[in-house]
Amino acid sequence: MRISTQQVYTQSVYNMQQSQLKLAELNEQIATGKRIQSAADDPVGAAQMVALNEELAQLEKYESNIGYAQNSLDLEEAVLSDINIAMDRMSELTVQAGSSTLSNNDRESIANELRGLTEYVAGLMNTQTASGEYIFAGSQGHTQPFVQDGNGHYPYQGDDGQRQIQAGASFLVTTGDPGSEVFMAVPGTLDVSLLGVDTDALAVVVTDETSADAMFSDAGDLHLSIAEDALGHFSYSLNDSSGNALGDPALSNVAFTPPDTLEYEGLCLTLNPTGAADITLRGETPQQSILDVALDLADALEQPVTGSDDQQRVSDAVAQALSDIDSAQEQLLSVQTAIGARSGALERQLDSNQELQLITKSTLSSIEDTDLTTAITDLQLEQILLEASQVVFGQVTGMSLFDYIR
Amino acid sequence: MSNLLHIGSQSLASNSYALNIVGQNIANVNTPGYSQQSVNFSSQAAFGGSSTSVERITSEYLTQQVWSDQAVYSQADSYASKMAGLDNLLAADGSNLSKAMDRYFSALQNVVDDPTSAPNRELMVAELESLANSFNDMDRQLQDQQAMIDSQLSSSAEQVNQLAEGIASLNSAIQQADALGKPDFELQDQRDQMIGELAQQMDLNVVEQGSSGYSLYLDNGQPLVVGSHAATISTTMSDSNPTQTALQINFNGQQSDLNGGSIGGKVGGLLEYRESLNTAQNEVDLMALTFADSMNQQQLAGMDLNSEMGSALFSDINSHALMSGRINASLDNNGSLNRSWVEITDANALTGAEYTLDITGSEAFSLTDASSGQQIKSSALSQVASVADLTDGSYYADWDSGELVVAVEGMQIHLEASSRFMLSDSFNIDPAHDAAAAMELILTDGSKLALASPVRISPAADNSGTLSVTVTVTDPLATTFTSPPHALSPPVDVVFSNSEPPTYNIYDVSDPSNPVPLELNGSPLTDQVYSSGEAIQLNGFSIRLTGQASPGDRFSFSYNDGGVSDNRNVLALSAMQSESQMHGVSWQSAYASMIERVGTDTQSAQLHSQASLSVLKSSEEAKASLSGVNLDEEAAKLVQYQQAYQASAQLISTSQTLFQTLLDAV
């Protein structure tokens, strides 16, 4: 086998270049700590890295979401426990106010303290975040939820929206509760609204709230239809929400002469139609907040007691207030319990997110990180090879027959 | 005695010539392509001394082998090195679109946490802007690659032309030298060298054709050089994509197209790379298109900080320029079009393919998926009577006046000619064309981000069932939201009855004191049987109730005026990250599989390039070991011929001495 002089040079140079290339690659792997410098180094690994990095970015974001949610829940919890303490005081005052030994002045000072507490609680219920968002306004974060109206009451101005935050891949946590849920917990009196175009034909008075309430929650909306035949004779039918006649015997096509009254399950209906009419009766129990309860009580206490009738009025008001404060506190407690449960769930989610992060990071590292031991060993081996090539090159090219021809 | 003198001078001349050859060999030890020459001595009859002839040591077989290995290697090398660039572009942290999406979706989570925060909203706008920029940048880089291919193709064409011209003229020069009986080895070496360089550009078949020298043919049989005639290669606009360069070969006035499959060499590698680049470009465009569209749709379905319905985030995917850029009439068409455009009707249904629409009959056409070859014939689609009736999988045609609208796979292709379409005219369709370049954020005010849902849900305070409700806006342009704006028209109540199973009525509560049953498509929504989890479709939005209903339970739906703290719409935006968005997968997994595909192609191209380099090396070595100059060998020959020269001179001297001796003796 013959070898040309050019070959000697090109071959050696090629070999040394290859060695240097490998050295450069290893050098980069060691310097950056990354095994995969481009997707071509490990296409499957590179695609996995995209997915893992996406997952990691999400997990990190979930972690900060959880922090945010935790803060909101903590703020809500702190406000609620302040309100709870204020309610305890209201409760105490109410019990005091029930004592028959109090003078009008005493009652007035209790009423004053109640008004002060009301203002304090209203302030808490209108708590804003640092960025000015009302935390108990539902979705209406820029609307003050409890504003005193002309009648001295505090109707709720917000809505029922609740914000959910992503705490895990498939775990949304509710970060706040609307004021309607937290505070509007004291049932008011049953209100029957009449819907339709002919509502003038009917007047309704609630005579027995308990049975009317039970009836409405059983029957849904009632429908009263009044018919008038060609001779001017009237008849009515009273149906439940699914169209079945109510009453026993059934109140169906009952002839009557207006004006007429009808007693049904705690309702007194006065029918005074001028023609055929179709009316929907809807029973609604509006909810009120502790603010209205305290203010109503204060109003009652401020009226001077002169006789036993007044005494009775005061003790009725006190009894009503006690039971209302109770309902309000009960609701507060159940919201606080829910907040606690959410906090707990968040903590568990945080733990599992962190665990997942750890796993994802270690998977990512096993895919993309350089195995330093192997890389450094390879580097040294390659160095030795390069040095050897260099030595050989020097020796091979140093030999020439021309040196010996004199 | 005169014989001796004759032999001596002959021998002197022979050896001196041999020494010249040695000199020539030594002088060309580093000349690329030089084949060593050797002197053959032969004895002459009856004291005739020796005569010499020179031979060029080479092997046609080995040379051919080097040429063809060269073509294979330079194709593999040019493809691999270009692919490595693409691979880096897609996967590098700075340009990686998946990372840009990670950053965007992370910013999105901030507004999920606190939608009222102005800084959070501005951050989201900034990330949207940066994401759009990432798409624009990616597109620009890919376009630069396309431009680079175009310019390299034309410089390759120029080089091929020069080499072919050179080889053709060498063919005739060599032929003339041969005819004079003085073969010119150096010209032959030069020609071999030039063919080698040509083989780097394109794969060649080299045929030795007697006296006319070497003829070169391309792999598909097209002649490049025949004798002293050379073809010219020119660049022209590609028929299927007017923005790209195509190659044409012209031999003796015969013009024909060169297509990528069989060209080989560097040019073949470039064309192969262009295929990969086009695929990547399509994928990036489709990603941009579906992203902009999905985000826009969801943004339109929401409500902003000022309680207005959302407006589009990104520029319209169906702008005039984009729609008409998606379709190109083939240059060979006989008919001409007045207008043509492609409208995307459902971005998520796009397959990412490019199509060719061919007129296959006087009233027939076919649509071919360019990558899979799958064909949809007009006979397989239903014909509808008006454009308004079009649904996916149908077409509208008014053949006499030359109007055709085809609705398939998420798009509507519109063609308008002034008369009937011409048979075998064809049109190229690229539905995602330019989407990444055109992606532009048009919403720049953070307060205009529609993070809230426009529908407020208010359960009655005294509901006793366990129902929970969600609302999905299905058509933000429905009259419910648009007339008048800032209101839900009409607001509705869902009221449950006491039937078993539970039923509900839906009322229009425009007048709260007189609810009337809501009518949908002419029928009132009364006594509807409730089934938990079922969506109730109303005009423009749907309601989904889940749980246990109690008689009298009531839910009111109204416009979410002032709902600044609501984050329902942005939750839906955020959920898109993991939803399937383009050909059945999420954006980021589509991107990951693109990286994987390009990475695999790059890896195998690199392996192929290394393997073909080894093959080339070994065939070059085989050739070099035969034809290359070895200095030690030449040194030995130098000594050998020098000594012979000295001996020959001695012969003459001896002959002279002999003659002198004779003269002296006389």
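Residues numbered from 1 in each chain as written. Chains lettered and ligands numbered in written order. Predicted model: local features only at pLDDT ≥ 70, side-chain atom pairs only at ≥ 80, totals over all residues. Heavy atoms only, no water.

1. Topic: the overall build of chain A
Along the backbone of chain A there are eight helices and 12 strands. For chain A, whose C-alpha radius of gyration is 41 Å, the value lies well above the compact-globule estimate of 22 Å for 406 residues. Overall, the C-alpha framework of chain A stretches about 150 × 65 × 30 Å when taken along its three principal axes. Relative to its full complement of 406 residues, chain A shows a buried share of 43%. In chain A, of all internal contacts separated by at least 6 residues, the share reaching a separation of at least 24 is 66%. Per element, the accessible surface of chain A, about 19,900 Å² overall, is 51% carbon and sulfur. Charge centroids of chain A, computed over 15 positive and 61 negative side chains, lie 21 Å from each other. (Helix = DSSP H or I, 4+ residues; strand = E, 2+ residues; numbered from the N terminus. Rg over C-alpha atoms; globule rule 2.2 N^0.38 Å. Buried < 20%, exposed > 50% of the residue type's maximum accessible area, 1.4 Å probe, protein only. Contact = heavy atoms within 4.5 Å. Areas by Shrake-Rupley, 256 points an atom, 1.4 Å probe, with all protein chains shown as cover. Lys, Arg positive; Asp, Glu negative; His and termini not counted. Charge placed at Lys NZ, Arg CZ, Asp CG, Glu CD.)

2. Side note on the pattern of salt bridges
With the rule as written, the count across this model stands at 25 salt bridges over all chains. Among the ionic pairs, Glu113(A) bridges to Arg89(A), the shortest N-O distance being 2.7 Å. Here Glu113(A) is found in helix H3 (residues 104–125), whereas its partner Arg89(A) is found in helix H2 (residues 43–97), with 24 residues between them in sequence. We classify Glu113(A) as partly exposed; its relative accessible area is 31%. Salt-bridge contacts for Asp310(A) lead to Arg313(A); the nearest nitrogen and oxygen are separated by 3.7 Å. Separated by three residues within a single helix, Asp310(A) and Arg313(A) lie in helix H7 (residues 308–368), roughly one turn from each other. A residue is classified by how much of its surface remains accessible, and Asp310(A), at 18% relative accessible area, is buried. The network of salt bridges with common partners includes Arg2(A), Glu633(B) and Lys637(B). (Salt bridge = Lys/Arg side-chain N within 4 Å of Asp/Glu carboxyl O.)

3. Description of the pairing of strand S7 (residues 234–239) of chain A
All names here are of chain A. Most of S7 is tucked away: six of the six residues are buried. Burial along S7 is two-sided: Phe 234, Tyr 236 and Leu 238 and Ser 235, Ser 237 and Asn 239, pointing in opposite directions, are all buried. Sheet analysis places strand S6 (residues 222–228) next to S7, joined by six bridges and oriented antiparallel. Bridge pairing in S7 links Leu 224 to Leu 238. What sits between the antiparallel neighbours S6 and S7 is a turn of five residues, in which Gly 232 has the positive phi angle 85°. Where S7 meets strand S8 (residues 254–256), three bridges bridge the pair, whose relative direction is antiparallel. In the sheet register, Ser 235 faces S8, and the bridge partner there is Ala 255. (Pairing = 2+ DSSP bridges.)

4. Digging into the interface of chain A and chain B
Taken together, the contacts link 63 residues of chain A with 77 residues of chain B. Roughly 5,400 Å² is buried in total at the junction of chain A and chain B, and carbon and sulfur atoms are behind 49% of that figure. At the surface where chain A touches chain B, the tally comes to 38 residue pairs in polar contact (both at pLDDT 80 or more). Put simply, the parts of the chain that give the side of chain A that touches chain B at least two residues each are helix H1 (5–32), H2, strand S1 (164–168), strand S4 (191–195), helix H5 (209–219) and strand S11 (277–284) of chain A. Ranked by residues supplied to the side of chain A that touches chain B, first place goes to H2(A) with 13 residues. In the side of chain A that touches chain B, the residues fall into 21 nonpolar, 29 polar and 13 charged. (Buried area = accessible area lost by both parts, 1.4 Å probe. Polar contact = N/O pair within 3.5 Å; in protein donor to acceptor, adjacent residues only side chain to side chain. Nonpolar A, V, L, I, M, F, W, Y, C, P; charged D, E, K, R; others polar.)

5. What to know about the UniProt feature "domain: Flagellar basal body rod protein N-terminal" (unreviewed entry) in chain B
Per the UniProt record, "domain: Flagellar basal body rod protein N-terminal" (unreviewed entry) is annotated on residues 12–34 of chain B. In this annotation, residues 12–34 of chain B is assigned 70% helix and 0% strand; the end-to-end C-alpha distance for the span is 27 Å. (UniProt positions renumbered as here; feature names shortened; annotations may be inferred.)

6. So, the UniProt feature "domain: Flagellin N-terminal" (unreviewed entry) in chain A
According to UniProt, the positions carrying the feature "domain: Flagellin N-terminal" (unreviewed entry) are residues 3–140 of chain A. In this annotation, residues 3–140 of chain A is assigned 76% helix and 0% strand; the end-to-end C-alpha distance for the span is 89 Å.

7. Brief notes about the domain arrangement of chain A
If you check the domain split of chain A, you get domain 1 (55–187 + 289–355) and domain 2 (191–285). For domain 1 of chain A and domain 2 of chain A, the distance between their C-alpha centres works out to 38 Å. (Domains from an automatic or database assignment.)

8. Details of the sheet that holds strand S14 (residues 375–377) of chain B
Residue and element names in this part refer to chain B. A sheet is described by the order of its strands in space; here five strands give the open sequence S10-S19-S12-S13-S14, paired in antiparallel fashion. What marks the edges here is a single partner per strand, and that holds for strand S10 (327–329) and S14. Averaged over all pairs of adjacent strands, the angle between their axes in this sheet comes to 20°, without regard to strand direction. Sheet topology note: the strand S12 (residues 355–361)/strand S19 (residues 426–429) ladder contains four bridges and is antiparallel. Looking at the pairing, Thr 356 lines up with Asn 428 of S19. (Axes fitted to C-alpha atoms, helices over the stretch in contact; angles between N-to-C directions.)

9. Some details on the packing of aromatic side chains
With the rule as written, the count across this model stands at 18 aromatic pairs over all chains. Taken together, the ring pairs connect Tyr104(B), Phe105(B), Phe135(B), Phe291(B), Phe314(B) and Trp587(B) into an aromatic cluster. The ring of Tyr14(A) has Lys617(B) lying over it, and the distance from NZ or CZ to the ring centre is 4.6 Å. (Phe/Tyr/Trp six-rings, centres within 6.5 Å; stacked < 30°, edge-to-face > 60°. Lys NZ or Arg CZ within 6 Å of the ring centre and 35° of its normal.)

10. Thoughts on unusual backbone geometry
Residues and elements named next belong to chain B. The omega torsion across Ser 489 and Pro 490 is 0°, close enough to zero to call that bond cis. With respect to the helices and strands, Pro 490 occurs in the loop between helix H9 (479–482) and strand S22 (492–496). Residue Pro 501 follows Glu 500 across a cis peptide bond; omega there is -5°. The phi torsion at Asn 521 lies on the positive side, around 50°, for a residue other than glycine. Along the polypeptide, Asn 521 turns up in the loop between strand S25 (519–520) and strand S26 (523–524). Accessibility expressed as a relative area gives 79% for Asn 521, which makes it exposed. If you check the backbone angles, Asp 527 has positive phi at about 50° while not being a glycine. Turning to its location among the elements, Asp 527 is positioned in the loop between S26 and strand S27 (528–529).

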